[in-house]
Amino acid sequence: MSAELDFPEFPYEEPPYGITWWQKPWNGVLVRVDQIPFNAGDELTFHVTVCSDVHGQTSAATIQGVVSITADTTTVDYTIPWDGVLDAVTEGSITVFYTLTPSDGSEPTTSEGAIVQYSHRQPGGAVCGPDS
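I will try to describe carefully the structure that is included in this document. (Residues numbered from 1 in each chain as written. Predicted model: local features only at pLDDT ≥ 70, side-chain atom pairs only at ≥ 80, totals over all residues. Heavy atoms only, no water.)

**Some details on the overall build of the protein chain**
Okay, step 1: On a plain count of helices and strands, the protein chain comes out with zero helices and seven strands.
Okay, step 2: Scanning the protein chain from its N terminus toward the C terminus, one meets helices and strands in the order β-β-β-β-β-β-β.
Okay, step 3: A compact globule built from 132 residues would reach a C-alpha radius of gyration of about 14 Å, and the protein chain, at 15 Å, matches this within 12%.
Okay, step 4: Summarising its shape, the C-alpha atoms of the protein chain cover approximately 50 × 25 × 25 Å along the three principal directions. (Helix = DSSP H or I, 4+ residues; strand = E, 2+ residues; numbered from the N terminus. Rg over C-alpha atoms; globule rule 2.2 N^0.38 Å.)

Below, the structure is given as C-alpha cells:
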C-alpha cells in the first residue's frame, strides 16, 4: 500500500535563520516526518546532505540514516549527527529527503526534499561547538 509522503520537517527551525548555534547542533539536529500512517516493519531511510552554501548546491557531508518502525505510528524522528556530518561546515544548509520502504513488500516511495539554513556561528562571529 502506497502512502502519500510529506516533506520532512525541522521542528526546531527558527525562521528566518534556520538551525543556529542557539539550537546546539552539536547535540544533533532533529528531522521529523509527521501525520503519515506508518506500519510496524516499515523502514524510513533519511538522506541528509550538509552543504557549504545556503542553496544546497555544494555538498560537504552526506549520511543516510535508517529508522525501523517498531509499532504503528504517524510520527518518525531522525537525529542528524554532529560528528562527521554537521561539523563539516560552519555555515551553509542542510537538505533532507526520505524513502519509505513498506513492510508489505510494495514499492518504496521517496519524499520531496526540504532545506534549511544552518550555522553554528554566533552573531558576534564566534564559532560554537561541543567544547564552547
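Having seen it, we continue.
**Some remarks on the pattern of salt bridges**
Okay, step 1: If you walk through the whole model with that rule in mind, you get two salt bridges.
Okay, step 2: A salt bridge links Asp 77 to Arg 32; the shortest N-O distance between them is 2.7 Å. Here Asp 77 is found in strand S4 (residues 73–80), whereas its partner Arg 32 is found in strand S1 (residues 29–38), with 45 residues between them in sequence.
Okay, step 3: With relative accessibility at 24%, the residue Arg 32 sits in the partly exposed group.
Okay, step 4: The partner of Glu 91 in a salt bridge is Arg 121, with the nearest N and O atoms 3.6 Å apart. Remark: Arg 121 occurs in the segment after strand S7 (114–119) and Glu 91 occurs in strand S5 (residues 91–101); sequence separation between them is 30 residues. (Salt bridge = Lys/Arg side-chain N within 4 Å of Asp/Glu carboxyl O. Buried < 20%, exposed > 50% of the residue type's maximum accessible area, 1.4 Å probe, protein only.)

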